[in-house]
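Examining the three-dimensional arrangement
Take a look at the letters that make up each chain.
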Amino acid sequence: MPNSKTVNVGFIGNPNCGKTTLFNAYTGANLKVANWPGVTVEKKEGMTEYEGQKIKLTDLPGIYSLTSYTMEETVSRECIMSSDIDVIIDVADASSLERNLYLTLQLIELGKPVILALNMMDIVEERGMEIDLHRLPEMLGIPCIPVSARKKTGLSILLHAVLHHEGLTGQDPLIHHHAEKEQQSSHRHNHHNEYAMVYDDMIEDKIDILIDRLTAENPDLPNKRWHAIKLLEHDETVMKQHPVDLSGIADRSYEKDIINQKYDFIEEIIQEVLVNKDAKAASTDRIDRYMTDKYLGLPIFLAIMAFVFFVTFTVGDWMKGYFELGLVWFSDLVSGALSSAGTNPLLQSLVVDGIISGVGGILTFLPNIFILFLALAFLEDSGYMSRVAYVMDDLMGHLGLSGRAFIPLLLGFGCSVPAVMASRALEHPKDRLKTILVTPFMSCSARLPIYVLFSSMFFGKYKMLVCYSLYLLGIVVAIAVSFIVSKLDGSKAEQTLLIELPEYKSPNAHTIFIYVWEKVKDYLSKAGTVIFIASIVMWGIMNLGPHGVVSDISESFGSIIGKAIEPVFAPVGLGYWQIIVALISGIAAKEVVVSSCSVLFGIANITTAAGMSSMVEVLGSMGFTAINAYALMVFCLLYVPCMATMATIHREVGKMRITIAFAAFQLVTAWVFAFLVYHIGLLLF
Amino acid sequence: MNLKMGKNRQTYTVKSIRLELALERRLEALGLTEGAPVTILNNDKKGAMTVRFRGTRFALGRRIAEHIDVEENVSCQTPKQ
């Protein structure tokens, strides 16, 4: 019976249980998914329809429990308790049922209709386990629907169950009469056997008395049992909302008793419904023996990263060759068409030397970017990322950061924007600030075109080594800076790493596709917007001067601005006005450094072999050598992050002062390191 | 003894947790309560260690591990009622 009213469904579950994948499967949205906890920090909404009924879905942050100790828990709890949610879909990772059922028991106590979506059933089967799907709903008293978000099975059955149970809306406890099966149970409180979770007599007696006191206080209060349990747990929020007299009943918090009894019940459930559970997890333990080994852990991580960059450069460069051929063909085609049409030479120059050269040059790096993200997606989806936090924890601890902070740093290899946002997962404000400060030092994918271009031009067969060295330098600078800052502010490493290590799984093609496609789309839209505009602006700066259109480039605005700043950059080997203008333009987006170079030096298709060799010639005639090139790459690695990153930093730290101080610090760091590299290089070679 | 002093592939029972409230609560929500069995997976390093409790693997920082008192679990199995 289609209802004109929209049914509001909340997705809730443990971190890393596949909530977001399931949400994406329904809404067609492409939210980011990763196999490590804490990806969803804010709630996301989407719409779907089932048999004519409109359903609004809300994806909530992953949480382990409904207490209110962390930001995520508070957000999720408030949302679920509010009238915004009619039905709760509790997404559980069926392959890790024991952990997931704890939240389920808490949700059931809330009194709203709950439907358990058993996700990752395919993995359960893969591991040779079985879940008794008849016994589980009997014991929990709620519908349990097996789904696979990755394979998109069970999706419509789940929605069917949602609509079927939506009618139960109301905040009274869910009542179901399980048969006389309680005999072997340790939880006997016979007058309460309509609840799934029955505590021992002591707790149940206290609950009864508190319900009486709550009723006296507020007879219309829905779901008094839940409130009574929360009062027993001394939950701050509920105690403030309902200041009931707890004396004689809950003089201390009974939270530990309640938690333990819930886990006891879960153990009972697991004993009954999970068949062949010891076969579980053997393979993850075997892999972890190497990945988390005392000595092998770090080398394995470095080797994996080296392999990622190796593939990015070799396979990426091979594919890039074809893109370059296409670019030359296209640019010749347009140039020919424009001149045969008798277009104004100035306009022709704008289109061919400005736009096609700038934007096209960036597009030829698409294969490198594609492969880098493919590799990162693979690492994230397999479950390896959180091991890195563990492997790096000792080292990071010595340097004053928690191992957990290494995850934002790693994400920084992709893009600084999500990396800066990921620092939210850190609890200590000082840790967060430090991590935000150093995250932009990690070499993001936008710097890749700069490295590829300049290392190919100046370092020939060593180009891959040069690029890898820049990635390592980024990590070293990030770590060194956080070490120094920690020394200065006197904070000691907390050594309070606490992170789930999920089971390894074979990465899912769809998840990886979404991840990579998002990044490729970002890259393309950046080429079409920021880089497109920057290319036009660059062309304008080069071709216009104080007296209008210039024929001599040295009279252009670009030259005037660049030359004014030259003295500052001369000591670091970058005292060339074209390079300076390119660096300034790179603040719009780092790739713009490359597109600007091609416009600034007037070289069409700079990324092709011919373009590069003419660029080397031009630069060589200015005295710009491999040492200058390395200094330039180091400067690009470390200097002010792009505008999008600065905006994100500003949003996260909330103070203009700090944002500006961070940018200034990064600029100085870049200058100092480029200075060192340049002068050490001059001494050595 | 505390958890950090434990041996690999041994199961221990949590006796008490001596950490600041917020952290203790987070551990409890994950099921690491008094009486909970914890199996050490890898305690080779000086710092963090990996453990399994309530069916899930976790990495625990050194300070957390040192502030969880445990006792050896004779049967190496969760006691059944």
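Residues numbered from 1 in each chain as written. Chains lettered and ligands numbered in written order. Predicted model: local features only at pLDDT ≥ 70, side-chain atom pairs only at ≥ 80, totals over all residues. Heavy atoms only, no water.

In the annotation of an unreviewed UniProt entry, the entry for chain B reads Ferrous iron transport protein A, and the organism field reads Sellimonas caecigallum.

Looking at an unreviewed UniProt entry, chain A carries the name Ferrous iron transport protein B, with the source organism given as Sellimonas caecigallum. The UniProt entry for chain A carries the following text under Sequence similarities (unreviewed entry): "Belongs to the TRAFAC class TrmE-Era-EngA-EngB-Septin-like GTPase superfamily. FeoB GTPase (TC 9.A.8) family." If you open the UniProt record of chain A and go to Subcellular location (unreviewed entry), you find "Cell membrane". (UniProt positions renumbered as here; feature names shortened; annotations may be inferred.)

Another point: a nonpolar patch on the surface. Residues and elements named next belong to chain A. A contiguous nonpolar patch, built from Val668, Val672, Phe675, Leu676, Ile680, Leu683, Leu684 and Phe685 and spanning about 860 Å² of accessible area, is present on the exposed surface. Residue placement: Val668 occurs in helix α29 (residues 656-684). On the accessibility criterion, Val668 (52% relative accessible area) is exposed. (Patch = residues over 30% accessible without salt bridge, like charges linked within 9 Å, V, L, I, M, F, W, Y side chains within 5 Å. Areas by Shrake-Rupley, 256 points an atom, 1.4 Å probe, with all protein chains shown as cover. Salt bridge = Lys/Arg side-chain N within 4 Å of Asp/Glu carboxyl O. Helix = DSSP H or I, 4+ residues; strand = E, 2+ residues; numbered from the N terminus. Buried < 20%, exposed > 50% of the residue type's maximum accessible area, 1.4 Å probe, protein only.)

Before going further, it helps to spend a moment on the packing of aromatic side chains. All names here are of chain A. Enumeration over the complete set of coordinates arrives at 18 aromatic pairs over all chains. Plain terms: the ring middles of Phe309 and Phe413 are 5.8 Å apart, the flat faces sit at 80° to each other, and that makes the pair edge-to-face. Of the two residues, Phe309 is situated in helix α12 (residues 297-340) and Phe413 in the loop between α16 (406-411) and α17 (416-422); the sequence distance between them amounts to 104 residues. Centre to centre, the rings of Phe569 and Phe635 are 5.5 Å apart; their planes meet at 70°, and the pair counts as edge-to-face. (Phe/Tyr/Trp six-rings, centres within 6.5 Å; stacked < 30°, edge-to-face > 60°.)

Quick look at the side chain of B:Glu24 now. Within the secondary structure, B:Glu24 sits in helix α1 (residues 21-29). Only 3.3 Å separates the side chain of B:Glu24 from the side chain of A:Lys256, close enough to count as a polar contact. Ignoring sequence-local partners within four residues, the contact set of B:Glu24 consists of A:Lys256, B:Ile17 and B:Leu19. (Polar contact = N/O pair within 3.5 Å; in protein donor to acceptor, adjacent residues only side chain to side chain. Contact = heavy atoms within 4.5 Å.)

The next point concerns the domain arrangement of chain A. Residues and elements named next belong to chain A. Assigned domains of chain A: these are domain 1 (7-166), domain 2 (192-279) and domain 3 (297-491 + 513-684). Contact residues are listed per partner, giving 27 residues for domain 1 and 26 residues for domain 2. Taken over both partners, the interface formed by domain 1 and domain 2 buries close to 2500 Å², and the fraction arising from carbon and sulfur atoms is 60%. Applying the counting rule to domain 1 against domain 2 returns three salt bridges. A salt bridge links Lys262 to Glu109; the nearest nitrogen and oxygen atoms lie 3.3 Å apart. (Domains from an automatic or database assignment. Buried area = accessible area lost by both parts, 1.4 Å probe.)

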